[in-house]
Amino acid sequence: MAGAGKKILALSGGVGGAKLALGLAQELPAGALAVLVNTADDFRHHGLHISPDIDTLLYTLSGRSNRAQGWGIEGETWQVREALAALGGDTWFQLGDGDLATHLLRTGLLAEGQALSAVTARLAQAMGIQSAIYPMAEEPVSTLVHTDEGELPFQHYFVRRRCEPAVSGFSFRGLDAARVPAPLQALLASGEVAAVVICPSNPFVSIDPILGVPGLWQQLAALAVPVVAVSPIIGGRAVKGPAAKMMAELGLPVDAAAVVQHYRQRYPGLVSHVVLDNEDAALADALGQSGNEEIAVHNTLMKTLDDKRQLARDVLTKVLKNVLPEARR
Ligand code: GDP
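All values derive from a computational prediction rather than experimental measurement.

A.B. asks: Got a minute to help me understand the packing of helix 4 (residues 97-111) against helix 5 (residues 116-126) in this structure?
C.D. replies: The packing of two helices is summarised by the inter-axis angle and the distance between the axes. Following both chains from N to C, one finds helix 4 and helix 5 inclined at 145°, their axes separated by 10 Å at the closest point. Note that helix 4 runs across helix 5; the crossing there is right-handed. Residue-level contacts link Thr102, Leu105, Arg106, Leu109 and Leu110 of helix 4 to Leu116, Val119, Arg122 and Leu123 of helix 5. Split by residue class, the contact of helix 4 with helix 5 holds 6 nonpolar, 1 polar and 2 charged.

Laid out in structure tokens, this is it:
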């Protein structure tokens, strides 16, 4: 078992990833979780810098997220939206009053020249979060979804068009020029990362942009620590969101094995352990025989806080076999 100071680095998009991140944060010793978050769906709206996935992590890890809705803050008020609508302003992307405070502070601090990683750390601290949250890059990266209606900026595809257009591919503007943020670089160089967990997030628009930051996936592979991928596809379906629909439209089989194949092809040798859902136990043998990963099967459907903590425990104790000091149980 590794000594104190060891950390788990979780890669996350929004809601799916944040669920496991919350379980990990609660099961690990304080400060032993670092989360590396997709920023390729960041965008500007009403002049504000909005980082949807970072905000999902901030609100989830601070216990403020609106679970029923799946985004935003619990108990949110909407006075600004109503005032905006009365002025004829755009309200297709819903911004609650408390959420707006996050975007205002972030936009102001970025305009003063602060880095997104520093601004994110400040927001996390203000919300009482003990885990480190890193944006995948300081530089702006934006996802374009290639569809039968043309290339759509991600939020237009996702929110405005409700994921209806058929997808044929993705591009990430700015990704080639993105660099691993200095604080994350320091963590990777510290020798403290005991394992990497690729959370059950959308492989194409959440995990690919993170691992697409030049040099990052190779750097993670070079850590030579276990890299666990938890499937976001259960029984051929996405729990939420367009991942399964995207797979079908891209001509891929819609199952957890195809997600693993996708990671194998793009990041050869990176993933060492795969977690499939109990419902997909039948896929385990063939998947194990076609690659080098260790395949584990657990309940991965996280409906309750107990489910999140249980999956985190399974990952930490059964898949990773306690690479970290005693969890906080
Ligand atoms: P988004 O940015 O809010 O779309 O969230 P993510 O990229 O983090 O996650 C979306 C993916 O998470 C979808 O493919 C879902 O199927 C998956 N997901 C959501 N909840 C769960 C869950 O409880 N268990 C598993 N295994 N996957 C989940």
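A.B. asks: For this particular structure, what's the right way to read the sheet that holds strand 7 (residues 150-153)?
C.D. replies: Note on sheets: strands pair through backbone hydrogen bonds, and any given pair is parallel or antiparallel. Strand order in the open sheet formed by 3 strands is 7-6-8, with antiparallel pairing between adjacent strands. Each end of this open sheet is capped by a strand with a single partner; those strands are strand 7 and strand 8 (167-173). Sheet twist, expressed as the average angle between the axes of neighbouring strands with direction ignored, equals 25°. Across 6 bridges, the pairing between strand 6 (residues 142-147) and strand 8 is antiparallel. Opposite Leu144, over in strand 8, you have Ser171 as the bridge partner.

A.B. asks: Explain the nonpolar core to me, please; I cannot follow it from the model alone.
C.D. replies: In a soluble, globular protein the nonpolar side chains are often hidden away together inside. Leu9, Leu11 and Ile198 are the most contacted members of the largest nonpolar core, which has 56 residues in total. Of all the elements, helix 11 (residues 256-266) adds the most residues to this core, at 6 residues. Setting aside chain neighbours within four positions, we find Leu9 in contact with Ala34, Leu36, Leu184, Leu187, Leu188, Val193, Ala195, Val196, Val197 and Leu220. One finds Leu57, Tyr59, Leu116 and Ala124 within the second-largest nonpolar core, a separate group that totals 43 residues.

About the criteria used
Residues numbered from 1 in each chain as written. Predicted model: local features only at pLDDT ≥ 70, side-chain atom pairs only at ≥ 80, totals over all residues. Heavy atoms only, no water. Axes fitted to C-alpha atoms, helices over the stretch in contact; angles between N-to-C directions. Helix = DSSP H or I, 4+ residues; strand = E, 2+ residues; numbered from the N terminus. Left-handed = near helix turned anticlockwise from the far one by under 90°. Contact = heavy atoms within 4.5 Å. Nonpolar A, V, L, I, M, F, W, Y, C, P; charged D, E, K, R; others polar. Pairing = 2+ DSSP bridges. Core = buried A, V, L, I, M, F, W, Y, C linked by side-chain atoms within 4.5 Å. Buried < 20%, exposed > 50% of the residue type's maximum accessible area, 1.4 Å probe, protein only.

So far we have only geometry, and geometry alone does not tell us how the molecule works.
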